[in-house]
Structures are given as C-alpha cells and as structure tokens.
Amino acid sequence: QLLEIQKMMQKNKRVIVLGLDGVPYERVREFVDAGALPTFKKLLDQKQFHSLRTEVPPITAVGWPTIYTGKNPGKHGLYDFGPIDKNEMRVVRFHNPTDLNAEFVWEILERNGIKTGVVGVPMTSPFRKKPTFGEGDHLRPDWVNFDEWKNKDNYARVIHSHPSFEKRIQSMMD
C-alpha cells in the first residue's frame, strides 16, 4: 500500500482525504442533483467521491480509527467512545490515540518521508507522533491550533511559540 501511495504522490503532488462524519452519501447526491454543492459534483464526475461501508457499531469512535489505521475494531481495539463504567453505565473518559493498537496512516507516511497534515480528525488527539502540520480533534486540540490564526493579535504569538511553523506550512504549500 505504501508503494501505491508513493506512486500517487509522485504523480499528483497532493492527496486530500475529506471525511464528512455522519453525512450519508445519498444525501450529498440529493444536494448535488438539486444543483447545490458544485465542488462535490466535480468530485463525483471525476469518480473521486465515494460512499463507505461502516463498521459495527456504526459510530464515529469505531469508524474513524478503522479508516485511518486500515484495521478493523478487533485489531485497533476501539469499540466505543471510551471505557464504560458498568455501575454508572457511562463513558468514564474519551479514548485517545494511546488506546489504539495500530499505527495511523500519517505516522507511516511521515516515517517514510512523506509530509502530512491532519486537521480535526476524530480520536487522534493528542498526537502520538506529530505530523508535519496538524490540529487535534474537537476534544483535545493540540500542537498547532489553526483557530488562533483567525485573530491577527494571536498570529505573532503562534509564530513565536512555534518558530518553524510558518516555514513548515509554507513548504507544504509550495
């Protein structure tokens, strides 16, 4: 699989995986057929947008780790959002990457010299190994929080606290 990715990277300098959590493929098709979502129409026309089969149970905490590790729940080890207190029947804490028994695809790519960016992917924060650039999931944003860039007063602070950040982002864009 890594050789296939490396070949794609040589041909097309960038690959983007955009996941829409909880959005049925059929619903996107309805909007496209109604004339909305022109970018998705282009992706559909180019055969670059597809539906996915989900895992069991069909929840975010199981599906996303399956997508970005390539392992089923029996191998990556997540079956719910977190460990459940059987007395109180509630999630005690949310899972994080240290609970996964598999490598993320971006960890494999980075180890092989391919730059990656990971932004807002569920169940990935805090990062075990930092991607070239990234922002953690909605539960625990970490390493570089792009929201800070929205406020110009924070820009200097972000650059100061992450001196190589601007250079790294620029190299990803070149």
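Placed above this text is the structure.
Below or above, wherever it landed, is the structure these notes cover. Along each chain, residue indices are assigned from 1 in the same order as the chain's sequence is written. Note on the predicted model: pLDDT of at least 70 is required for a residue's local features to be given, and 80 or more for side-chain atom pairs to be given and counted; whole-chain, interface and lining totals, by contrast, use all residues. Note that the side-chain values use all heavy atoms of the structure and ignore hydrogens as well as water.

Strands are runs of DSSP state E lasting at least two residues, helices are runs of H or I lasting at least four, and both sets are numbered from the N terminus onward. When helices and strands are tallied, the protein chain shows 8 helices and 4 strands. Overall, the protein chain shows an N-to-C arrangement of helices and strands of α-α-α-α-α-β-β-α-β-β-α-α. Partly exposed residues are those whose accessible area sits between 20% and 50% of the maximum for their type, while under 20% is buried and over 50% is exposed, using a 1.4 Å probe and protein chains only. Expressed as a percentage of its 174 residues, the buried residues of the protein chain come to 31%. In this description, contact between two residues means that some pair of their heavy atoms is separated by no more than 4.5 Å. Long-range pairs, those at least 24 residues apart, make up 34% of the contacts in the protein chain between residues at least 6 apart in sequence. Accessible area for the protein chain stands at about 12,100 Å²; split by element, carbon and sulfur atoms hold 55% of it. All accessible-area figures derive from a Shrake-Rupley calculation using a 1.4 Å probe, and residue coverage is judged against the displayed protein chains alone.

Every axis corresponds to a line fitted to the C-alpha atoms, with the helix fit spanning only the stretch in contact, and the corresponding angles, defined between N-to-C directions, vary from 0 to 180 degrees. Relative orientation of the contacting elements helix H2 (residues 25–33) and helix H3 (residues 38–45) amounts to 110 degrees, with a least axis distance of 9 Å. Here H2 lies roughly perpendicular to H3, going by the angle between them. Crossing handedness for the pair H2 and H3: left-handed. Within the contact between the two elements, H2 uses Tyr-25, Val-28, Arg-29 and Val-32 and H3 uses Phe-40, Lys-41 and Leu-44. Residues were grouped as follows: Ala, Val, Leu, Ile, Met, Phe, Trp, Tyr, Cys and Pro as nonpolar; Asp, Glu, Lys and Arg as charged; and all remaining residues, including Gly, as polar. By residue class, the composition of the contact of H2 with H3 is 5 nonpolar, no polar and 2 charged. Each angle receives one of four descriptions, namely roughly parallel if under 35 degrees, roughly antiparallel if over 145, roughly perpendicular if within 65 to 115, and oblique otherwise. Crossings are assigned a handedness: left-handed for a near helix turned anticlockwise from the far helix by less than a right angle, right-handed for a clockwise turn.

Below, the discussion takes up the packing of aromatic side chains. Stacked, tilted and edge-to-face pairs are distinguished by plane angle, under 30 degrees for stacked and over 60 for edge-to-face with tilted covering the rest, among Phe, Tyr and Trp rings (Trp via its six-membered ring) whose centres lie within 6.5 Å. Under the counting rule described, the total for this entry stands at 4 aromatic pairs. Here Phe-81 and Phe-94 contribute two aromatic rings whose centre-to-centre distance is 6.5 Å and whose plane-to-plane angle is 90 degrees, an arrangement assigned as edge-to-face. Of this pair, Phe-81 sits in the loop between helix H5 (73–76) and strand E1 (84–85) while Phe-94 sits in the loop between strand E2 (90–91) and helix H6 (105–111), and the two are 13 residues apart along the sequence. Among the residues examined, Phe-94 registers a relative accessible area of 40% and is labelled partly exposed. Pairwise contacts between aromatic rings join Tyr-68, Phe-104 and Trp-106 into one cluster. By definition, being over a ring means that NZ of Lys or CZ of Arg is both within 6 Å of the ring centre and within 35 degrees of the ring normal. In this arrangement the basic side chain of Arg-128 is found over the ring face of Phe-104, its NZ or CZ atom lying 4.2 Å from the centre.

Okay, the side chain of His-76 next. Along the chain, His-76 turns up in helix H5. Any N or O atom pair separated by 3.5 Å or less is treated as a polar contact, with the protein-specific requirement of one donor-capable and one acceptor-capable atom, and with residues adjacent in sequence counted only for side-chain atom pairs. Reaching out from His-76, the side chain makes a polar contact with the backbone nitrogen of Leu-78 at a distance of 3.1 Å. For His-76, the contacting residues outside a window of four places in its chain are Val-62, Pro-65, Thr-66, Thr-69, Lys-71, Asp-99, Leu-100, Asn-101 and Ala-102.

Here the focus is the pattern of salt bridges. A pairing counts as a salt bridge when a side-chain nitrogen of Lys or Arg comes within 4 Å of a carboxyl oxygen of Asp or Glu. For the structure on display, the rule yields 7 salt bridges. Note that Arg-29 and Asp-33 form a salt bridge whose closest N and O atoms lie 3.8 Å from each other. Of this pair, Arg-29 and Asp-33 both sit in helix H2, 4 residues apart, which is roughly one turn of that helix. In this structure, Glu-103 engages Arg-111 in a salt bridge whose closest nitrogen and oxygen atoms are separated by 2.3 Å. The exposure class of Arg-111 is exposed, given its relative accessible area of 53%.

Our focus in this paragraph is unusual backbone geometry. Of note, Met-89 is a non-glycine position whose phi angle comes to about 50 degrees, a positive value. On the secondary structure map, Met-89 appears in the loop between E1 and E2. Of note, the phi angle at Met-123 is positive, near 65 degrees, even though the residue is not glycine. For Met-123, the location among the structural elements is in the loop between strand E3 (117–119) and strand E4 (133–135). Take Met-123: its relative accessible area is 3%, and that puts it in the buried class.

This next bit is on the nonpolar core. Nonpolar cores were defined as sets of buried Ala, Val, Leu, Ile, Met, Phe, Trp, Tyr and Cys residues, with membership established by side-chain atoms within 4.5 Å. Ranked by size, the top nonpolar core spans 11 residues in total: Ala-61, Trp-64, Tyr-68, Leu-78, Leu-100, Phe-104, Trp-106, Val-118, Val-121, Met-123 and Phe-127. It is helix H4 (residues 60–69) that provides the largest number of residues to this core, a total of 3 residues. The contact partners of Leu-100, leaving out residues within four places of it in the chain, are Pro-65, Tyr-68, His-76, Leu-78, Met-123 and Arg-128. Val-28, Val-32, Phe-40 and Leu-44 belong to the second largest nonpolar core, which has 5 residues in total.

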